[in-house]
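Structural features, examined
Each chain, written out:
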Amino acid sequence: MWTSVKYLPENLPETIEMTREYYGDSWISDSDFLKWQYEANPAGPAMIRLARDVETNQLAGQYVVIPMRFKAFNELIEGTLSLNTLTRQIYGGQGIFTGLAKAVYQDCAEQGSLFCYGFPNPNSYPGFMKKLGFTDLGSVPLLLRPLNTKALVRKKLGSLLASLSLPFHFYYKVKDRSDERYEVYPLTPSNLSEMNAFWAKVQDKYPIMGIRDADYLRWRYFDIPLRDYQVYGVRQKNSTQLLGYIVGRCTEVASMSSGMIVDFLVDSEHPVAGNCLANTLLRFFVDKNMDLAGSLMMPHTEESRILKGNGFFTCPKSFEPQPFPVIYRRLGPLKGNYKEGEKDYDPFLRLNQWFLTMGDYDVI
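Let me begin by describing the structure that accompanies this report. Keep in mind the model is a prediction, meaning the values are calculated, not measured. (Residues numbered from 1 in each chain as written. Predicted model: local features only at pLDDT ≥ 70, side-chain atom pairs only at ≥ 80, totals over all residues. Heavy atoms only, no water.)

1. Description of the overall build of the protein
For clarity, the threshold we go by: Helix numbers and strand numbers start at the N terminus; a helix is a DSSP run of H or I with at least 4 residues, a strand a run of E with at least 2. Computation of the radius of gyration draws on C-alpha atoms alone. For the globule rule, the value is 2.2 Å times the number of residues to the power 0.38. For every residue, the accessible area obtained with a 1.4 Å probe (protein chains only) is divided by the maximum for its type, and the residue is called buried under 20%, exposed over 50%, and partly exposed between those limits. In this description, contact between two residues means that some pair of their heavy atoms is separated by no more than 4.5 Å. Only the protein chains shown count as cover for residues, with accessible areas throughout obtained via the Shrake-Rupley method and a probe of 1.4 Å.
When helices and strands are counted, the protein shows eleven helices and 16 strands. Over its C-alpha trace the protein gives a radius of gyration of 22 Å, about what one expects of a compact globule, namely 21 Å for 364 residues. Buried residues in the protein amount to 54% of all 364 residues. Relative to all contacts within the protein whose residues are 6 or more apart in sequence, the contacts with residues 24 or more apart total 74%. Accessible surface, the protein as shown: approximately 16,700 Å² in total, 50% of it carbon and sulfur.

So, in structure tokens, the structure goes:
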């Protein structure tokens, strides 16, 4: 038998102990990382339910969401992101996942959260869909760009074939495509105040966008433990107005040194500025000896078109390391009049209304 209890910060050590049983020593079981994720979020603290064994007092599982602020259809919206779901193996089959999740959704609805979304892995996907009433909105395409074709061929096919990749190496070589009208520069915590004016200008670029103000970027990319991000801004020469930003991280994916474009947003009036950002980050990846660049980017966005103009292509489904589905469940009544000829029409169900990047979830 188990009972559902609300998480308190003093429960962190025992949740870490439970998480390490499943994941081992990693960022998801690191105390500093979880304090950052659960307690420092500018949108508010995590909403967590724990399952506790009534006989042994041992934790049996957890269900976690963190609040995420959105600008959607000209309104400020509170949403939640599902992550770090876990049930101890010996307690499987007792309805812990479903019971905790529904209790958390009730807590969220009472606090005004409109919806919950997530990017489930293949193991957790069936549970969200069959047991919790989520809707699969579709998948975010994975964009790839070779940076060192010779190294990629050698790692996958062997050194004998690596020399055959030489023509492609020159084709995919990253060239300097800077523009004398624009200046790309590092964004740091000391100059992040420029983000607020930029966000105020671009916040309606797409119908549904996670809020990307200075507080969010500081928390997501600068205060985060265990990860280092490269963040660039762009402006016109002799100007202080931010026109866009891009975020990258060097990591390893499927045994390949990979530069991941985690977030990217540009002012529509200055698409060339976005091109400068992408090119600068790609050249940074090359300097760091990355073999491959990747990004998750919605195909209807200007940012996706800019990346494709810089040599990115959509990864075929058969070569993806895993699918990247977006799932959604409404938690409370919609604000405003969204009906479109149907009862209870929900515009959040249309993935082409969303702007989503790797920065909108927690894996990269």
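2. Observations concerning the packing of aromatic side chains
What counts here: Ring pairs shown here join Phe, Tyr and Trp side chains whose ring centres sit within 6.5 Å, with only the six-membered ring taken for Trp; geometry is labelled stacked below 30 degrees between planes, edge-to-face above 60, and tilted in between.
Counted under the stated rule, the structure contains 31 aromatic pairs. Between Tyr117 and Trp354 the ring centres are 6.0 Å apart and the planes differ by 50 degrees, which places this aromatic pair in the tilted class. Pair noted here: Tyr117 is in strand S5 (residues 115-118) and Trp354 is in strand S16 (residues 354-355), with a separation of 237 residues, a long-range link. The class of Tyr117 is buried, set by a relative accessible area of 1%. Judged by its relative accessible area of 0%, Trp354 is buried. Seen in terms of ring centroids, Tyr221 and Tyr229 are 5.1 Å apart; in terms of plane orientation they differ by 80 degrees. Their pairing is edge-to-face. In this structure an aromatic cluster arises from ring pairing among Phe70, Phe73, Phe115, Tyr117, Phe119, Tyr328, Phe348, Trp354 and Tyr361.

3. Some remarks on the pattern of salt bridges
To keep things clear, this is the line we draw: For this analysis, a salt bridge means a side-chain nitrogen from Lys or Arg found within 4 Å of a carboxyl oxygen belonging to Asp or Glu.
What the rule picks out here adds up to 18 salt bridges. For Asp25, the salt bridge identified is with Arg20, shortest N-O distance 3.1 Å. Across the pair Lys201 and Glu269 runs a salt bridge whose closest N-O atoms are separated by 3.3 Å. In this pair, Lys201 is assigned in helix H8 (residues 194-202) and Glu269 in the loop between strand S12 (256-266) and helix H10 (271-287), connecting sequence segments 68 residues apart. Judged by its relative accessible area of 58%, Glu269 falls in the exposed class. Through salt bridges with shared partners, one network takes in Lys201, Asp267 and Glu269.

4. Some words on the sheet that holds strand S10 (residues 230-236)
For clarity, the threshold we go by: For two strands to be treated as a pair, DSSP must find at least two bridges joining them.
One open sheet holds the seven strands; their spatial order is S8-S10-S11-S12-S13-S7-S14, and the pairing between them is mixed. Sheet topology places strand S8 (182-186) and strand S14 (313-314) at the edges, where each strand pairs with a single neighbour. Bridge count for S12 against strand S13 (residues 292-296) is four bridges, and the pairing is parallel. When the bridges of S13 are listed, Ile261 appears paired with Ser295.

5. A short note on the pairing of strand S7 (residues 142-146)
For S7, a buried count of five out of five residues is recorded, marking the element as mostly surrounded by other parts of the structure. Because side chains alternate across S7, one face comprises the buried residues Leu142, Leu144 and Pro146, and the other comprises Leu143 and Arg145, equally buried. Bridge analysis of S7 against S13 gives five bridges, and the strand direction is antiparallel. Following the sheet pairing, Leu142 is matched in S13 by Leu296. Judged from the two bridges that link them, S7 and S14 form a sheet pairing that is antiparallel. Within S14, the position partnered with Leu143 by the bridge is Thr314.

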